[in-house]
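Spelled out from the first residue to the last, the chains are:
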Amino acid sequence: MLHGIYTPLSGALAQERVLEIIANNLANVNTTAFKGDNISFKLLDSEPERNYNSPLPPANFKRDLSEVMPFRGNEIAFVGISDIERDLSQGPAIDTKNPTDMMLEGEGLFAVQTQDGLRYTRSGDFKVSPDGVLMTSSGHPVLGERGNIFVRSSAFDVNHRGEIYQDGELVDRLRIYEFADQRQLERTGDNYFFFGGPDEDRVLSQNTNVRQGFLEGSNVNAIKSLTAMIIAHRSFEAYQKAISNYDKMLEKGSNSIGEVRA
Amino acid sequence: MMRSLLTAATGMESQQTNIDTIANNLANVNTNAFKRSRANFHDLLYQTVRAAGQSATTGTVVPSGIQIGAGSRLASVDKLFTEGGIKVTERNLDFMIEGQGFFRIQKDDGTIAYTRDGHFDKDNTGRLVTSDGFPVVPEVTIPQNATDLHVGMDGIVTVKVDGETQELGQVQLATFINPAGLQAAGRNLYTPTRASGEPVVGNPNQSGVGRIAQYQLENSNVNIVEEMVNMITGQRAYEINSKVISTSDQMLQTTNNVR
């Protein structure tokens, strides 16, 4: 068999992944404080020695994209995903004039208490619960330095340091965390992030500003994403062409070689 | 099948609701005391292919994981209770609330509803009613031969009967901890829910419920320019997501044509 047919297949699968990422970015083009993903590829390493005809998968066979390479040879290269990296740049400021909307400027994230433990979010579309507790729009309490924040009504002021004042009195200060490496934050949906790393990698942020009456928009760039989509689409097509050419070669091989011509 | 097809479909669905919300805001651009709504979106669950922080080999840590998202969803449609503009009307039964409060209205089924629309009328018995005929609570009845109706900042209604000033009662206002949790019931009325909390009733110009201004009405807080911009971004976002669907479709078609 021709091993080469697996090379364009690995490319096509990678491009399909790209489209999935772009689809998620574009579906969230209006999601509050959404951070888009960028994908990067790597050349999957090939074995130094030749083991072309081994019928068994290689010893370091991984259950990921490299599954598409049941045979390895050092002259055949495959493509795989190395990273899906979040674009951590600041999203646009949207002026809502709503006192319970807050936007973060800087690297920090709000802390939220959910039934599954601490979560972090940049989405500041908060509400006040009937008990007067400041909550996210999914209904989980936002944490201040003293725990839940009791604001009693939606008439309060927040300064850039995240200190909440009501009727001239300091209610609490929003807990805003910064992480040594934000890439370690895992998404859990609902605009929340989970942090499973060591505590020393998480510190209270001093240089993240809070702006009341604003929301952070999604940082997805629609034009860039559309261009990337066109590239993914056409690359996918090209890989499919290569696959069908391999197929034609195999067809030639099986049907034409050895054919007796009169 | 391709995940991107379904992911883009969630995006289109979100944007559809976005446009629906904007359409209702724009339709109510001249509705008294109308509060605009805003659709909020969240991202959906992620499929974690490789978790961040895992060890790739002994001693090394994967710096960023591979998580593939499933699109977006509608998280909430919030009413934004910012104050609308002032419309001066010169009509003595037009009251506006300066502040957070709501007028209390008794509906025909006996329950109390809340409104910020202070465009009132007199019914055939002289009661102060909304334009749908629901009386204000507590009831204020205006005598037939009354003139010079006046409402103070504190909500006390006075009239002149045969040249003598007579006090008819006090209009009360209610506030809610979370007005965004009120349920819009149509006819400019709101009903309390578990999310809004119980109403706190107070006299105007006291206890933070707001003041009453006669001869004025509160306009809608819809800003046309803002809504138009939101509509453009909403429409384009919808379009872009449909493009993702057609691209996914074409990629599947290519696959089908390989052989």
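Residues numbered from 1 in each chain as written. Chains lettered and ligands numbered in written order. Predicted model: local features only at pLDDT ≥ 70, side-chain atom pairs only at ≥ 80, totals over all residues.

(A) How the structure looks around the overall build of chain A. Along chain A, the regular secondary structure elements total 2 helices and 19 strands. A buried classification covers 40% of the 262 residues belonging to chain A. For chain A, restricting intrachain contacts to residue pairs at least 6 apart in sequence, the fraction spanning at least 24 positions comes to 69%. (Helix = DSSP H or I, 4+ residues; strand = E, 2+ residues; numbered from the N terminus. Buried ≥ 20, exposed ≤ 12 C-beta atoms within 10 Å, placed from the backbone. Contact = placed C-beta atoms within 7 Å.)

(B) Structural view of the confidence of the model for chain B. Looking at chain B, the pLDDT average stands at 89 and 97% of residues meet or exceed 70. Across the interface, the model reports ipTM at 0.70; the global pTM reads 0.76. (pLDDT = per-residue confidence, 0-100.)

(C) Fine view of the sheet that holds strand E15 (residues 186-189) of chain A. Residues and elements named next belong to chain A. As summarised here, the arrangement of the 6 strands in space is E15-E16-E6-E5-E14-E17, forming an open sheet in which the pairing is antiparallel. Two strands close off the open sheet at either side, each with one partner strand: E15 and strand E17 (202-204). Here the strands of the sheet are splayed against their neighbours by 50 degrees on average, with no regard to which way each runs. Pairing of strand E6 (residues 117-121) with strand E16 (residues 192-194) involves 2 bridges; the strand directions are antiparallel. When the sheet's bridge partners are listed, threonine 121 is paired in E16 with tyrosine 192. (Pairing = 2+ DSSP bridges. Axes fitted to C-alpha atoms, helices over the stretch in contact; angles between N-to-C directions.)

(D) Expanded view of helix H2 (residues 224-256) of chain B. In a regular helix each residue adds 1.5 Å, so 33 residues correspond to 48 Å; H2 of chain B covers 48 Å between its end C-alpha atoms and thus fits that length. For H2 of chain B, the complete set of buried residues consists of Asn230, Gly234, Ala237, Tyr238, Ile240, Asn241, Val244, Thr247, Ser248, Met251 and Thr254 of chain B. Here the buried face of H2 of chain B lies against helix H1 (6-27) and helix H2 (222-255) of chain A together with helix H1 (3-27) of chain B. (Expected span 1.5 Å × (residues − 1).)

(E) Main features of the sheet that holds strand E11 (residues 147-151) of chain B. All names here are of chain B. Read from one edge to the other, the open sheet built from 3 strands follows the order E11-E12-E13, with strand pairing classed as antiparallel. Two strands close off the open sheet at either side, each with one partner strand: E11 and strand E13 (164-170). Pairs of neighbouring strands in the sheet enclose a mean axial angle of 20 degrees, with direction left out of account. Two strands pair when backbone bridges link them, and E11 and strand E12 (residues 156-161) are joined in this way by 3 bridges, in the antiparallel orientation. By the bridge assignment, valine 151 is partnered in E12 with valine 157.

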